[in-house]
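Summary of structural features
Next come the chains, spelled out residue by residue.
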There are 4 protein chains.
Amino acid sequence: MAGNSFGQTFKITTFGESHGKALGAIIDGCPVGICLNEADFITEMARRRPGRSSFSTPRTEEDRVEILSGVFEGLTTGTPLTLLVGNHDVKSKPYSVLKDLFRPGHADYTYFKKFGHLDYRGGGRASARETAARVACGVVARKVLTPFNLDILGYTLELGGIRAKRMDPAVISQNPLYCADPDAVQFMLKALDRAREDGDSLGGVVEVRASGCPAGLGEPVFDKLDAELAKGVMSIGAVKGVEIGAGFEAARLRGSENNDPIRSTGFGSNRSGGILGGISNGEDLVLRAAVKPIPSIMKPQQTIDRQGRDAILELTGRFDVTAVARIVPVVEAMVALVLVDHYLRARAGGQCFDIQGV
Amino acid sequence: MAGNSFGQTFKITTFGESHGKALGAIIDGCPVGICLNEADFITEMARRRPGRSSFSTPRTEEDRVEILSGVFEGLTTGTPLTLLVGNHDVKSKPYSVLKDLFRPGHADYTYFKKFGHLDYRGGGRASARETAARVACGVVARKVLTPFNLDILGYTLELGGIRAKRMDPAVISQNPLYCADPDAVQFMLKALDRAREDGDSLGGVVEVRASGCPAGLGEPVFDKLDAELAKGVMSIGAVKGVEIGAGFEAARLRGSENNDPIRSTGFGSNRSGGILGGISNGEDLVLRAAVKPIPSIMKPQQTIDRQGRDAILELTGRFDVTAVARIVPVVEAMVALVLVDHYLRARAGGQCFDIQGV
Amino acid sequence: MAGNSFGQTFKITTFGESHGKALGAIIDGCPVGICLNEADFITEMARRRPGRSSFSTPRTEEDRVEILSGVFEGLTTGTPLTLLVGNHDVKSKPYSVLKDLFRPGHADYTYFKKFGHLDYRGGGRASARETAARVACGVVARKVLTPFNLDILGYTLELGGIRAKRMDPAVISQNPLYCADPDAVQFMLKALDRAREDGDSLGGVVEVRASGCPAGLGEPVFDKLDAELAKGVMSIGAVKGVEIGAGFEAARLRGSENNDPIRSTGFGSNRSGGILGGISNGEDLVLRAAVKPIPSIMKPQQTIDRQGRDAILELTGRFDVTAVARIVPVVEAMVALVLVDHYLRARAGGQCFDIQGV
Amino acid sequence: MAGNSFGQTFKITTFGESHGKALGAIIDGCPVGICLNEADFITEMARRRPGRSSFSTPRTEEDRVEILSGVFEGLTTGTPLTLLVGNHDVKSKPYSVLKDLFRPGHADYTYFKKFGHLDYRGGGRASARETAARVACGVVARKVLTPFNLDILGYTLELGGIRAKRMDPAVISQNPLYCADPDAVQFMLKALDRAREDGDSLGGVVEVRASGCPAGLGEPVFDKLDAELAKGVMSIGAVKGVEIGAGFEAARLRGSENNDPIRSTGFGSNRSGGILGGISNGEDLVLRAAVKPIPSIMKPQQTIDRQGRDAILELTGRFDVTAVARIVPVVEAMVALVLVDHYLRARAGGQCFDIQGV
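Computed from a prediction, not measured in an experiment: that's the story for all the values here.

What counts as what
- Residues numbered from 1 in each chain as written.
- Chains lettered and ligands numbered in written order.
- Predicted model: local features only at pLDDT ≥ 70, side-chain atom pairs only at ≥ 80, totals over all residues.
- Contact = placed C-beta atoms within 7 Å.
- Helix = DSSP H or I, 4+ residues; strand = E, 2+ residues; numbered from the N terminus.
- Nonpolar A, V, L, I, M, F, W, Y, C, P; charged D, E, K, R; others polar.
- Least-squares fit on C-alpha atoms with pLDDT ≥ 70 in both.
- Pairing = 2+ DSSP bridges.
- Axes fitted to C-alpha atoms, helices over the stretch in contact; angles between N-to-C directions.
- Buried ≥ 20, exposed ≤ 12 C-beta atoms within 10 Å, placed from the backbone.
- Parallel < 35°, antiparallel > 145°, perpendicular 65-115°, else oblique.
- Left-handed = near helix turned anticlockwise from the far one by under 90°.

1. A closer look at the interface of chain D and chain A
Across the contact, 35 residues belong to chain D and 35 residues belong to chain A. Broken down by secondary-structure element, the contributors of at least two residues to the side of chain D that touches chain A are β2 (11-15), β3 (22-28) and β4 (65-69) of chain D. Counting residues per element, the side of chain D that touches chain A draws most heavily on β3(D), at 4 residues. Within the side of chain D that touches chain A, the residues separate by chemical class into 13 nonpolar, 17 polar and 5 charged.

This is the structure:
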């Protein structure tokens, strides 16, 4: 029983391997009448695309999204919306060493244990390239959410141990790290230089803030909004931790410090990250994801081959030094997908009163 | 479209409010032939139950689990297994103030915004009492997993900012905080005393380690094992963050530090927390949950009433000072539920080779 | 992966065996604010109940529905609604012969082949008693559909080969067979007498007409309204065939005869049974179910025991001569459940325009 | 909440409109290691394809299936399997009249009522062309079922009121109607000639027999094998009725006639159609589907336009006279899809003992 679908009302099913013919997604449940064309995807797909800077792999395919079905005369029809992204820049050669050796920190070993039969070309289905389909679906999700003036803003909060101290939204799109603190960017870039020189890689923390989210989204007791966000974000390859609002810091606060006062003018603080009891409260949603350093490094590493014999893996070629920036649009997409799914779920239940007013 | 089911093959659906007649769960998909009787639930239900110590509410109902269906002659039949827990100690009186005022940090406000119609008695469906059904289902899940010699061990890693430094499993059941470090327990107890005197509450961190988990569990790309664990654990009321293995610390490591070497004798470290690419690798699963301080405190708090007017909430009676210890068995239960569900899913796919050997 | 849930937005999960402690259902997704109390179930539960006449088993338990959760102050809360029906009149004794022999036409053999472990008491989960939970859920479904002035009317169209020729709704509740043709009733009753004297049983055809169903319900291409109705009705124990509108007769018509003309004043005929392309068209839904004769008969029957040895089964006691009448409210319930589920699904999609006007 | 997925363990999601770029399907849950290449689809796709004879539309595109993902080195990988069928022979012109008028008996009216926005080109998503994706998925389903020596055999049992009297499997592939009775074929062909001359169309009955199905498949009480078959088959565009085994005829039998005796050597008859209590009993599965006459006819028909005004529809061009033969492989595909899904579901539950022996 496989798990390549996400969402219940706005259900996406993604497909495709790193080096197969194509990847993409079907969205089943996209409401009718959403204005959509292939140009709508260009910006977001470019943000996720590798090769934008010296810090990422120079795979330069365009990641153009083709709409195969579900749109007629520029509007969605309510039938399945199929998005296709071709794999044009596929060279299987540099991956031949992976035919035998498992890369530490990658999914090679576990896919082999699970499936026996392994597509070793660039990670196959486990490649970060899979996230292109998520970003494409996220574009459609945001279009559906347009009436809410929802603003889903992601950025690099921390990279290589360097934490942003300021939050200036205007800065985000002006640096390759999608960081909101122009000073921190400089230190981060230097850290990346050092890591690259060492043949090593860096991790970091992505933060997403979503403003404009109406109160009432989330379906207790299991499909709570925070639970679904946690699942969606943790399902991104490199993510090892997720927190909402004060998150792990909340564990160190007292109740009197952590409770957000409620006033007639709104909440007095937002340590809840916009979610109480698994339901949005109308404040900004605040979420952070811990991104591990990219496991592909240039240093020799201890591993085993498929027969279980010890071996040393030495990767050649050029690899990303960090995945943090590229993951920013992916986390944004997952937040958008969770929100649109819960918006439609609330609509089914006739429950969410702020939404009905829209 | 409500969300009170969890799991796909071992699907639980829970029901019940804090002050209704009863709560419980249906398990649909429990394999046939599992030996099960009502006594099997006693220990775990007691671990979760409030009133065990001076740090928790003195609600003393027994939380006896009654099996309504699905067991015949002591064995599960493959038909729906229904577990019922009565609510015997229900006094609606102390909650009358909640008829008008929203408690900060609780779900009162968001349930009201979502549903309009609110069961204000003790939190209704949003009460921590809901987790009794989870723990009961977890007992069955562990029974199904018996062939694996799986050991799911949860404990309080941190409480009120005090972090355990040692990990002695034998200690866990010998203190009311389920902490594995006997020295830390003393400091934690003192911190709790101080918080209680102040009419305040404390949060903390729960850690769970599961050994004996076979490699190959988890269904990429969305129903990855870590994604499902994150959802399951984040869906517990007070949890605000989840991390796997090195978690947020991984964000500060370099690739060469974070990658676990693979040797012919096994993995050389376990910063992955037993999960690579969303699939278990045979190492111990390691997961931490950030538990916020209990929002019910004795200090006056700023809030609003149902008409949106400013008000001061003053709770009387006696409340838990921390939920951390009580959440330990709940996190364990969610881990067990995720594992059994993915074990059966892997069995459907015929995929998980280590399991087939069992 | 068991299958005891039905519906996606108004999702029911039923449980319970014929001779267990209780049976019932959880409804997850019942909209908030529906007025509901235990008295609402009495009429429908009585219609389904055996023992109403000389044609059915004298099991006289009251089938009172108890609401365990999900209702507060007389209104549904949007949380799981749990309905419980006790099994009070349980005598395991007459069933002891079934411990060894499989009853022809019953599910004993297939449950044993599937599960190995068999609850042989009165059919266990496979008993017709299971349908009590469906009828109880159907009562709630109809309450949710109240705004549509939907009228779901079921009746016995045919019994023992005798087909009703008239359709007088007022007659239905005035005879124990729920037949709408007073003349046919007399012949049917005589046929039942003869069958009883012979120790035999009779089948028949149930027809349901639902008027007031808005256009636009149904989710192609798999969850079409007719497909879901077919599944729901075929899942009732004794049903062996389902047809919509002209049904099998349509196979013998020409296109020019079978197409319903569309006029500015409405459809000119209703051979489609109210469904085109899997979506309701606003006409009456018309559905027929073929009900096989009850397999429990007083004549000796060839069978085998659990060891596969030939044996003769001779049932003693008293059994229903036909299930047709008792199935009428069950088919009605399934139709109501499909309609409410698709109403909420259409609401999620924002698709069904007639509904939005309500 | 749309409904373009079918199956739970072997889950297919189909997409595509009649005149869009392409149609196809993702199969999520196809087991790993199934030998599969694009040539495997040719035969079945040709059986379904229109233009094979003078009785069907001359749309001659090849319906070649392209595998976009999920196969590596000739074997399925356990990741999503994507099948694509291009739409090459798309001429929108003859459909321009449909921009305004609803075709009686078609889904134009109901799609318009449901979605408002209508792809009027050849039926869009409601076109019979959609079934190409089902047939392609059915090919994969049969491959997975290979170990069972399952034989799923469909044929035209009745056409235009002419019923086959013999069942000679060798004849089926030798006539364009897929009928197993060579004498009946001649009468059916003449009836089709007459209907074509009259500008009219014919319906019929398709029967499918599946031998080799192990006992134990089906998941009561809702996902019974017959219930799922009924849904799958009724979801095919032109199908208006489904019956299992004796079907509607069972309604006219007595219990002593309808019960299949069980002998140590097997069942003495098969009026159950291979299903008891919703679970397969090891006998041949027998299922019949009522297929309505094609609604597109050359005679003038009363209808309305989008503004609700009366109008006369006069179709020109050339249309199929009957869909019965083309639906044969589609019904077979749906049976295969239901069986593979329930085989994997039984495997998850560890329940189906005959299967485990394989």
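2. Brief notes about the relation of the copies chain D and chain A
Turning chain D through 180° and shifting it by 0.0 Å along the axis lays it on chain A, with an RMSD of 0.0 Å. The transformation relating the two chain copies, once decomposed into turn and shift, fits a two-fold axis. A share of 100% of the interface residues of chain D reappears at the interface of chain A, consistent with the copies meeting face to face through the same patch.

3. Quick word on the sheet that holds strand β8 (residues 151-159) of chain A
One key point about sheets: their strands pair by backbone hydrogen bonds, in either a parallel or an antiparallel sense. The antiparallel open sheet is built from 10 strands, whose spatial order is β9(A)-β8(A)-β10(A)-β16(A)-β11(A)-β11(B)-β16(B)-β10(B)-β8(B)-β9(B). Since the sheet does not close on itself, it has two edges, and those belong to β9 (162-163) of chain A together with β9 (162-163) of chain B, each with one partner. Of the strands in this sheet, β11 (239-244) and β16 (285-291) of chain A together with β11 (239-244) of chain B are in contact with helix α6 (residues 225-234) of chain A, which crosses β11(A) at around 155°. Contacting β8, β10 (204-211) and β16 of chain A, helix α8 (residues 324-349) of chain A runs over the sheet at an angle of about 145° to β8(A).

4. Side note on the pairing of strand β7 (residues 81-86) of chain A
Residues and elements named next belong to chain A. Among the 6 residues in β7, 5 count as buried, and that is most of the element. Of the pairings in the sheet, the one linking strand β3 (residues 22-28) to β7 comprises 6 bridges and is antiparallel in character. Residue pairing across strands places Ala22 opposite Gly86, the latter belonging to β7. In this sheet, β7 lies alongside strand β4 (residues 65-69) in antiparallel orientation, the contact comprising 4 bridges. The residue bridging Val65 from the neighbouring strand is Val85, located in β7.

5. With respect to the interface of chain B and chain A
Taken together, the contact pairs 100 residues of chain B with 100 residues of chain A. For the side of chain B that touches chain A, a count of residues per class yields 41 nonpolar, 35 polar and 24 charged. Here β11(A) runs beside β11(B); their pairing, made up of 3 bridges, is antiparallel. Across the sheet, Val242(A) pairs through a bridge with Val242(B), a residue of β11(B).

6. Some remarks on the packing of helix α6 (residues 225-234) of chain C against helix α6 (residues 225-234) of chain D
Between α6(C) and α6(D), the least distance of the axes is 8 Å, while the angle of their chain directions is 165°. Accordingly, the angle class assigned to the pair α6(C) and α6(D) is roughly antiparallel. Between α6(C) and α6(D) the crossing geometry is right-handed. Contacts from Asp226(C), Ala227(C), Glu228(C), Ala230(C), Lys231(C) and Met234(C) of α6(C) reach α6(D) at Asp226(D), Ala227(D), Glu228(D), Ala230(D), Lys231(D) and Met234(D). Broken down by class, the residue content of the contact of α6(C) with α6(D) amounts to 6 nonpolar, no polar and 6 charged.

7. Topic: the relation of the copies chain B and chain A
The transformation that overlays chain B on chain A combines an axial shift of 0.0 Å with a rotation of 180°, and the residual RMSD is 0.0 Å. Both copies present the same face, since 100% of the interface residues in chain B are matched by interface residues at the equivalent positions in chain A.

8. Here's the deal with the environment of Arg263(B)
Inspection of the secondary structure assignment puts Arg263(B) in strand β12 (residues 262-263). Sequence spacing of Arg263(B) and Gln302(B) is 39 residues, and the spatial spacing of their C-alpha atoms is 58 Å.

Nothing here speaks to function; it is all geometry.
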